[in-house]
Amino acid sequence: MATLAHILQLVGWWIAPLIILLLKRESRFVSFHALQALLLQIAYVFLIFMGMGLWFVFFFLTLAQHPASQGAPSPAMFVFFPLVWVGVMGAWTFMLVIAIVYAIKAGRGEWAEYPVLGRVSRKILKIGPGGTAAAV
């Protein structure tokens with residue numbers, strides 16, 4: 001189930017890790033990996049929304065500075081839009097690699113943690129290193 005939490009986040013986004021987390025709360029190992037995948041998806045969705053917000057702001061600022069009556073759109077639009085696309089594809093590729101690597105680690109039974117989110121997951125679940133109970 002821990003492996004599934006990592007792999008299913010690619011197609012089930014935040015919903016699949018959340019379902020696994022709720023179904024397997026009694027297992028510290030599965031809860032830890034599912035919560036990491038869930039937090040990664042939440043961070044990913046937040047970054048995508050922030051990127052899209054910046055894209056819309058830039059788009060409307062460009063339109064305001066460059067009236068349609070002048071003909072062709074601003075050259076800045078031709079630079080910024082491909083950069084947004086590369087950023088979104090790069091983020092998705094990063095998610096793909098992270099999901100595969102940590103699914104393999106979870107399948108081996110390792111308590112592998114994401115660089116920042118692993119520590120947050122341990123605090124939320126009150127789990128110490130190696131799945132031990134955290135010291136209070």
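Residues numbered from 1 in each chain as written. Predicted model: local features only at pLDDT ≥ 70, side-chain atom pairs only at ≥ 80, totals over all residues. Heavy atoms only, no water.

A. Molecular detail of the packing of aromatic side chains. Considering all chains together, one arrives at four aromatic pairs under this definition. The interplanar angle of 35° and the centroid separation of 5.5 Å between the aromatic rings of F32 and W111 together place this pair among those described as tilted. With a gap of 79 residues between them, F32 in helix α3 (residues 28-65) and W111 in the loop between α4 (75-107) and α5 (117-125) connect regions that are remote in the sequence. Given a relative accessible area of 0%, F32 falls into the buried group. By relative accessible area, which is 23% here, W111 ends up partly exposed. For the ring pair Y102 and Y114, a centre distance of 4.6 Å and an interplane angle of 80° mean the geometry is edge-to-face. Residue Y102 is located in helix α4, and its partner Y114 is located in the loop between α4 and α5; the two are separated by 12 residues in the primary sequence. (Phe/Tyr/Trp six-rings, centres within 6.5 Å; stacked < 30°, edge-to-face > 60°. Helix = DSSP H or I, 4+ residues; strand = E, 2+ residues; numbered from the N terminus. Buried < 20%, exposed > 50% of the residue type's maximum accessible area, 1.4 Å probe, protein only.)

B. Summary view of the pattern of salt bridges. Per the counting criterion, the structure on display carries two salt bridges. A salt bridge links R108 to E110, with the shortest nitrogen-to-oxygen separation between them at 3.9 Å. Accessibility expressed as a relative area gives 31% for E110, which makes it partly exposed. The shortest N-O distance in the salt bridge between E113 and R122 comes to 2.5 Å. Given a relative accessible area of 30%, E113 falls into the partly exposed group. You can call R122 buried: its relative accessible area is 11%. (Salt bridge = Lys/Arg side-chain N within 4 Å of Asp/Glu carboxyl O.)

C. View of the packing of α3 against α5. Relative orientation of the contacting elements α3 and α5 amounts to 125°, with a least axis distance of 9 Å. Compared by their axis directions, α3 and α5 come out oblique. Two packed elements cross with a definite hand, and for α3 against α5 that hand is right-handed. Residue-level inspection shows S31, F32, L35, Q36, L39 and L40 of α3 in contact with α5, the latter providing L117, G118, V120, S121, R122, I124 and L125. By residue class, the composition of the contact of α3 with α5 is eight nonpolar, four polar and one charged. (Axes fitted to C-alpha atoms, helices over the stretch in contact; angles between N-to-C directions. Parallel < 35°, antiparallel > 145°, perpendicular 65-115°, else oblique. Left-handed = near helix turned anticlockwise from the far one by under 90°. Contact = heavy atoms within 4.5 Å. Nonpolar A, V, L, I, M, F, W, Y, C, P; charged D, E, K, R; others polar.)

D. Broad picture of unusual backbone geometry. The phi dihedral of W13 is positive, around 45°, even though this residue is not glycine. The backbone of K126 sits at a positive phi, close to 55°, despite the residue not being glycine. Along the chain, the position of K126 falls in the segment after α5.

E. View of the nonpolar core. Residues L35, L40 and Y114 are the most contacted members of the largest nonpolar core, which totals 23 residues. Contributions of two or more residues to this core are made by α1 (2-12), α2 (15-23), α3, α4 and α5. Those residues in contact with L40 that sit more than four places away from it in its chain are Q9, M95, I98, Y114 and L117. (Core = buried A, V, L, I, M, F, W, Y, C linked by side-chain atoms within 4.5 Å.)

F. Just the environment of L54, in detail. Note on placement: L54 falls in helix α3. Under the relative-accessibility criterion, L54 is labelled exposed at 56%. The sequence separation of L54 and V84 amounts to 30 residues, and the corresponding C-alpha distance is 9.5 Å.

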